[in-house]
Amino acid sequence: MNLPDLCVARNRDKVEVKHIEQHQEYEPLFKGQKYFLRTYGCQMNVHDSEEIKFYLEALGFTKTEILEDADIVVLNTCAIRENAKDKVFGYLGRCKHLKKVKPNLIICLCGCLVQQPHEIEEIKKNHQYIDIVVGTHNLNELPELIVKKSPKQDIEVFSNSDKVFENVKYARDSQVCAWINIAYGCDKFCTYCIVPYTRGRERSRKMENILREVQALKKAGYQEVTLLGQNVNAYGNDLGLGYNFATLLEETAKIGIPRIRFVTSHPWNFTDEMIDVIAKYENIMPYVHLPIQSGSDAILKKMNRRYTIEEYKTLFNKIKEKVKNVAITTDIIVGFPNETDEDFKATLDIVNYCKFDNAFTFIYSPRVGTAAARMEDKIPYEVKQKRLKELNDLVNSYSLASNQKLLGKTVKVLVTEKSEKDQNKVCGYTDTMKLVNVEGAQDLIGQIIDVEITAAKSFSLDGIVKK
Ligand code: 5AD
Ligand code: SF4
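Residues numbered from 1 in each chain as written. Chains lettered and ligands numbered in written order. Predicted model: local features only at pLDDT ≥ 70, side-chain atom pairs only at ≥ 80, totals over all residues. Heavy atoms only, no water.

A.B. asks: How do you make sense of the packing of helix α9 (residues 272–280) against helix α11 (residues 309–322) when you look at a structure like this?
C.D. replies: The relative placement of two packed helices is expressed as an angle between their axes plus a distance between the axes. One way to put it is that α9 packs onto α11 with a least axis distance of 9 Å and a crossing angle of 25°. Viewed along their axes, α9 and α11 adopt a mutual orientation that is roughly parallel. Note on packing geometry: the crossing formed by α9 with α11 is right-handed. Side by side, α9 and α11 meet where Asp272, Ile275, Asp276 and Ala279 of the first sit next to Leu315, Lys318, Ile319 and Lys322 of the second. Split by residue class, the contact of α9 with α11 holds 4 nonpolar, no polar and 4 charged. (Axes fitted to C-alpha atoms, helices over the stretch in contact; angles between N-to-C directions. Helix = DSSP H or I, 4+ residues; strand = E, 2+ residues; numbered from the N terminus. Parallel < 35°, antiparallel > 145°, perpendicular 65-115°, else oblique. Left-handed = near helix turned anticlockwise from the far one by under 90°. Contact = heavy atoms within 4.5 Å. Nonpolar A, V, L, I, M, F, W, Y, C, P; charged D, E, K, R; others polar.)

A.B. asks: Could you clarify how one ought to interpret the domain arrangement of the protein in this entry?
C.D. replies: Size of an interface: often given as the accessible area lost when the parts come together. When the domains of the protein are assigned, the result is domain 1 (6–156), domain 2 (174–285), domain 3 (287–404) and domain 4 (410–465). If you average the C-alpha positions of domain 2 and of domain 3, the two centres end up 24 Å apart. In this assembly, 24 residues from domain 2 lie in contact with 28 residues from domain 3. Interface area, domain 2 with domain 3, both sides summed: about 2,200 Å², of which 64% is carbon and sulfur. The three residues of domain 2 that bury the most area against domain 3 are Thr191, Tyr192 and Pro267, which together make up 33% of that side's buried surface. Put simply, domain 2 and domain 3 have 2 salt bridges between them. The salt bridge involving aspartate 276 is made with lysine 322; its shortest N-O contact spans 3.1 Å. Between the two partners, domain 2 and domain 3, sit 15 residue pairs in polar contact (both at pLDDT 80 or more). Among the secondary structure elements, those contributing two or more residues to the side of domain 2 that touches domain 3 are β13 (259–263) and α9. With 5 residues, α9 is the single largest residue contributor to the side of domain 2 that touches domain 3. In terms of residue class, the side of domain 2 that touches domain 3 is made up of 15 nonpolar, 4 polar and 5 charged. (Domains from an automatic or database assignment. Buried area = accessible area lost by both parts, 1.4 Å probe. Salt bridge = Lys/Arg side-chain N within 4 Å of Asp/Glu carboxyl O. Polar contact = N/O pair within 3.5 Å; in protein donor to acceptor, adjacent residues only side chain to side chain.)

A.B. asks: I would appreciate a short explanation of the nonpolar core in the present structure.
C.D. replies: Taken as a class, soluble globular proteins show a tendency for nonpolar side chains to be buried jointly. Ile182, Tyr235, Phe245 and Ile319 are the most contacted members of the largest nonpolar core, which totals 71 residues. Examining the composition of this core, we find that 6 residues originate from one element, helix α8 (residues 245–255), more than from any other. No fewer than three residues from each of domain 2 (174–285) and domain 3 (287–404) sit in this core. Setting aside chain neighbours within four positions, we find phenylalanine 245 in contact with Ile182, Leu227, Val232, Asn233, Tyr235, Phe262 and Met274. One finds Tyr40, Ala70, Leu75 and Ile107 within the second-largest nonpolar core, a separate group that totals 26 residues. (Core = buried A, V, L, I, M, F, W, Y, C linked by side-chain atoms within 4.5 Å. Buried < 20%, exposed > 50% of the residue type's maximum accessible area, 1.4 Å probe, protein only.)

What follows is the structure in structure tokens.
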């Protein structure tokens with residue numbers, strides 16, 4: 001048993017980060033058995049689930065979408081807000097019930113939730129039916145833990161983050177768009193955020209390995225890659241090898257994959273050099289997700305965001321100016337401890353100023369161990385809910401307006417999948433990351449096509465193939 005420790009997780013003393021190549025082979029010992037995998041949270045988790053899928057399939061399991069049919073259940077969890085945790089524990093109720101009628105069912109928990117010591121205490125105390133718990137830093141141990149499963153609950157979670165795995169294998173969900181991890185962890189310590197604790201120190205993969213992965217994906221016919229990191233702009237800084245995110249982006253563009261995206265950018269690290277590279281290459285999509293979090297300088301300071309609204313505006317305008325037809329989206333938190341009416345009004349003001357193409361909005365949720373969780377907060381929850389509603393109404397009006405601008409226009413759409421709602425439709429994304437439902441057959445999947453926009457809603461567009 002290995003248990004997480006917040007003091008170890010918080011540590012940013014200089015250490016030597018080891019880059020480790022994975023070359024493990026697995027035996028299909030579980031042939032004929034089925035796995036059920038559920039993912040909560042961000043793109044990083046979605047991509048980690050592709051690694052989990054690889055391990056499960058290498059062990060011989062096949063996928064099922066029906067929980068009751070599963071021989072093994074894996075929940076890849078999130079810790080960013082309390083409701084993410086509630087969803088996991090809610091679902092665990094179903095798993096516990098199933099184990100009563102299927103005693104050999106293996107239940108595994110991984111992801112950010114289990115990196116938190118207080119959640120591990122809860123699991124040990126009230127969820128003994130969970131067989132395996134594995135943390136974010138040793139996901140590669142999952143297959144071994146499944147093979148050697150003991151009757152006792154096995155918890156293997158580490159908080160030190162001094163490794164970067166290279167050559168990780170994935171069973172990717174899509175054959176059109178691929179995620180690529182470029183860096184792990186985060187050193188920013190925004191005071192509300194648990195990620196620096198659950199994902200550990202900021203550490204980059206080596207550029208040559210990332211580029212090799214891009215090349216292989218291009219060869220396999222992928223149309224789009226998204227470079228992933230909690231803070232992609234900090235890429236390379238920890239390596240000291242003379243390259244940075246602008247270099248990586250440019251080298252990736254030169255490989256010639258049709259579409260390149262990247263998430264998430266921190267305004268603090270966004271350099272002019274980066275903007276110039278984005279503007280220079282046609283295959284780098286004109287889309288930037290640039291979390292602002294609040295419109296109030298006082299709140300930004302308490303959040304430890306390291307920029308003022310003036311600085312954010314300058315960066316925002318520079319990107320808009322230099323990158324033709326760019327779409328900018330953001331994240332906003334309302335109800336940070338003691339956020340005043342004036343602070344909230346400043347958030348509405350910046351939304352009115354930037355007119356974001358889209359914004360993901362959240363009510364602040366205290367996370368155990370973070371600095372903000374120790375701050376006094378006199379704002380009633382109902383006030384926070386009211387603020388969220390007001391903000392959402394405003395944000396949605398701008399999303400709708402930006403979508404309406406495309407009405408009657410012809411845009412390029414990379415078709416990624418069939419529409420869930422309508423058999424006769426497929427869907428995909430514009431270069432600016434707007435979701436479009438298109439009338440057409442499934443053979444369009446994987447193609448970049450011209451689409452004429454016929455309807456615009458807040459969260460999606462409808463269109464027809466332009467012949
Ligand atoms: N409460 C609410 N929202 C949060 N986020 C991160 N931590 C919290 C929290 N404790 C939001 C931020 C971040 C996004 C991924 O989630 O807006 O950008
Ligand atoms: Fe969390 Fe801030 Fe790091 Fe983003 S930059 S992961 S919000 S600590």
